[in-house]
Amino acid sequence: MDESIRQRFAEAAREARPDLAALCLLIGAQADPELADATPDVLDAFVDAAQIELDRLAGLLPYRPDATPAGWAGALAELLGTRCGFGGVPGDYQRLESSLLHEVLHRRRGLPILLSVIWIEVARRTGAPVYGVALPGHFVVGFGDPAGVFVLADPFHGGRLLGDDDVSLLVAGATGAPLAPSMLSPADPLDIVLRILNNIRAWASARPEHLRVQLWAVELSLLLPRHPARLRFERAQLLVQKGDFATGADEMDAYADIIAGIDPGAAASMRSQAQAARALLN
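Residues numbered from 1 in each chain as written. Predicted model: local features only at pLDDT ≥ 70, side-chain atom pairs only at ≥ 80, totals over all residues. Heavy atoms only, no water.

Asks: Account for the overall build of the chain, naming residues and giving values.
Replies: Helices and strands together make up the secondary structure of the chain, namely 12 helices and four strands. Projecting the C-alpha coordinates of the chain onto the three principal axes gives extents of approximately 70 × 50 × 35 Å. For the chain, the share of sequence-separated contacts (at least 6 apart) that also reach a separation of at least 24 residues comes to 55%. When the accessible area of the chain is evaluated, it comes to approximately 13,100 Å², of which 55% is carbon and sulfur surface. Positive and negative side-chain charges of the chain, numbering 25 and 35 respectively, have mean locations separated by a distance of 2 Å. (Helix = DSSP H or I, 4+ residues; strand = E, 2+ residues; numbered from the N terminus. Contact = heavy atoms within 4.5 Å. Areas by Shrake-Rupley, 256 points an atom, 1.4 Å probe, with all protein chains shown as cover. Lys, Arg positive; Asp, Glu negative; His and termini not counted. Charge placed at Lys NZ, Arg CZ, Asp CG, Glu CD.)

Asks: Give me the lowdown on the pairing of strand β1 (residues 130-135), citing residues and values where you can.
Replies: β1 sits mainly inside the fold: five of its six residues count as buried. Bridging between β1 and strand β2 (residues 138-144) involves six bridges; their strand directions are antiparallel. Among the inter-strand pairings, Y131 is bridged to a residue of β2, identified as G142. The turn joining β1 and β2, which pair antiparallel and follow one another in sequence, is formed by two residues; a positive phi near 80 degrees is taken by G137. (Buried < 20%, exposed > 50% of the residue type's maximum accessible area, 1.4 Å probe, protein only. Pairing = 2+ DSSP bridges.)

Asks: Explain the sheet that holds β1 to me, and be specific about the residues and the numbers.
Replies: Taking strand neighbours across the sheet as the criterion, the four strands line up as β1-β2-β3-β4 in an open arrangement whose pairing is antiparallel. Two strands bound the open sheet, and with one partner strand each, they are β1 and β4 (160-162). Strand-to-strand twist in this sheet, taken as the mean axis angle between neighbours without regard to direction, amounts to 40 degrees. Those strands touched by helix α6 (residues 112-125) are β1, β2 and β3 (150-154), and its axis lies near 20 degrees from that of β2. Each of β1, β2, β3 and β4 is contacted by helix α7 (residues 164-175), which is oriented at about 85 degrees to β4, the strand it contacts most. (Axes fitted to C-alpha atoms, helices over the stretch in contact; angles between N-to-C directions.)

Everything listed here is a matter of coordinates, which is why it stays silent on function.
Next up, the structure:
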């Protein structure tokens, strides 16, 4: 059932070492209407099938315990970028499938962050020193020691190695600001998952006919141990748009309570919106 997917997602997000692939696959299960009423066995089979494919891809990569960071990056680029054809094109940003791990595994096309998840999951299965790097506007993969010798690769472009100038240009293009050392820090798995859900929310918000998608992306985000408090207000607005005026109004009041001590004016505005939502019940 849909609640079973969300319960599993919440439990997986609170593991001591969250399984990045499993969390991404549960997002994919939530997106698939055919899995809304799936039994636990069917849901297990869905997740296992994708994990097995990641295992299969890892089995194609030679184990290289003595490889340099550039050697690991080159091996992954040859396997995933060249032999298997994983990569992306601008049109992938217009497709929900590009944010769903099982679909990206099947299509071999997706957003930079999902392609990076595949690289991370395949590489770590073979012992590579791999991690995600959440550059503004473009997610990439790092190999090596982030505090020492490392290289960055761009899975969206087949694993192209990125030099300092390339990274600076990516950051400047996304933010207009210079590269800060903190931007090169390894990304936490839960932060990766939240960024994927943010992408889905952004995709759906530009398409009013996909309000349901935006709502479940917000609700999954709220199940993460760390999330922006303002997501509660976004959920409230979506519930009102969906026609669930009472629940939406209650959420607005709850969010107003959260921010009342910080921004009394905004809290009063929230309560006015909650009152207006309840008026729609009459």
